[in-house]
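# Structural features, examined
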Amino acid sequence: MIRFESPQYLWLLAIVIVLALIRYAVYFWQRRKLRKFGDPDLLKELMPDVSRWRPGAKFWLLEAAIALLVVMVARPQMGNRISEEKREGIETIICIDISNSMRAKDVTPSRLDRAKMMVENLVDNFTDDKIGLIVFAGDAFVQLPITSDYVSAKMFLNNIDPSMMVNQGTNIKAAIDMASYSFTQQENVGKAIIVITDGEDHEGGAVESAKEAKEKGMNVYVLGFGDTKGSPIPDPDTGNFMIDNRGETVMSRLNEEMCKELAQAGGGAYIHVDNTSGAQRLLDNELDRLQKQETTIYSDFDEQFQAVGIIALLLLILEVCLLERKNTLFKNIKLFKK
């Protein structure tokens, strides 16, 4: 297989065509002038040393050398080894709950910070996978479109904070619906929606959205953060815990039943996240089970411009050595006698 590293230079081959047109125009102009000067047969007898084919041969040698030099500049490359490599990859959209309840510290250092750490560890294990980030509370929006740029993914991940959302609450349905439209159009690749939440769904409809995502070939996984017994929510403005209208401390409890129902409807799995590393291993194992893509054939290419350059140089040397007039040393040598 041959390819060109800089194919844009091949447009210079137009110079060869232009020179050929000029050559033919000059040739016919000279012929017309000679006819005006005298009889062609008589002129041939008067110019015995003029060669009929040598000027044309020199011209085409020069044309071939120019064409090869253009090809050399375009850097021709040839595949010298072809092998099959299996590259496995999945597409993952991570929906992160950034409602105020994710500030609770029943999971250290906090629910949200622990979620960030898990996602970062997940990204560190990605190779040929793609990732996208969606944040949600009362609303949902795309924080990072699906990409294989893991550096950008970590940068956007570190900037996630509950203060980004003006409309508080927990709208899991909006997050799943947005995630289902955020994948690429690529087929035969595993697609996962990972919902990170404490399960306090205030809007409803999340289970139905998970079923629709499953029908589209996407698996919905739910990571449940928090304690079912409840935990107070720190208030970053006062430094104390959030209180309700009655002056009582707000307790945020993990709704495991809703999380399990959501994961079952989405064809995925529910994983409870605590202060151990078990949840990370379970998540990695679940994603490994997804259908993965197997690609393609690749080639290693070697530069071939050296060989092209040598041939061009030989043609130029031959063009210089070839005289336009007949060689007087060999004009009397006749290989075939009449």
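Reading guide: rules and limits
- Residues numbered from 1 in each chain as written.
- Predicted model: local features only at pLDDT ≥ 70, side-chain atom pairs only at ≥ 80, totals over all residues.
- Heavy atoms only, no water.
- Buried < 20%, exposed > 50% of the residue type's maximum accessible area, 1.4 Å probe, protein only.
- Helix = DSSP H or I, 4+ residues; strand = E, 2+ residues; numbered from the N terminus.
- Pairing = 2+ DSSP bridges.
- Polar contact = N/O pair within 3.5 Å; in protein donor to acceptor, adjacent residues only side chain to side chain.
- Arc of directions from axis to C-beta.
- Contact = heavy atoms within 4.5 Å.
- Salt bridge = Lys/Arg side-chain N within 4 Å of Asp/Glu carboxyl O.

### Remarks on the pairing of strand β6 (residues 190–197)
The buried count for β6 comes to 8 of 8 residues, which makes it a mostly enclosed element. Residues Gly190, Ala192, Ile194 and Ile196 of β6 are buried on one face, and the alternating residues Lys191, Ile193, Val195 and Thr197, pointing to the opposite face, are buried as well. Pairing of β6 with strand β7 (residues 218–225) involves 7 bridges; the strand directions are parallel. Note on β7: the bridge partner recorded for Ile196 is Leu223.

### Considering the side chain of Asp129
Take Asp129: it is sitting in the loop between α4 (111–124) and β4 (130–136). A polar contact of 2.7 Å, which involves the side chain of Asp129, links it to the backbone nitrogen of Ile90. A distance of 3.4 Å separates a polar atom in the side chain of Asp129 from the backbone nitrogen of Thr127.

### Notes on helix α8 (residues 256–265)
All buried positions along α8 are accounted for by Met258, Cys259, Leu262, Ala263 and Ala265. The arc enclosing the buried residues of α8, seen along the axis, measures out at 165 degrees, which places them on a common side. Within α8, the exposed residues directed more than 90 degrees away from the buried face are Glu257 and Gln264. Along its buried surface, α8 packs onto α6 (172–180), β6, α7 (206–215), β7 and β10 (267–273). A positive phi of about 70 degrees marks Gly267, the residue just after α8.

### Observations concerning the pattern of salt bridges
The final tally for this structure, using the stated rule, is 9 salt bridges. Its salt-bridge partner being Asp244, residue Arg246 comes within 3.8 Å of it at the nearest N-O pair. The exposure class of Asp244 is partly exposed, given its relative accessible area of 26%. Ionic pairing is found between Arg289 and Glu286, a salt bridge with its closest N-O pair at 3.4 Å. Arg289 sits in the exposed class, given a relative accessible area of 64%.

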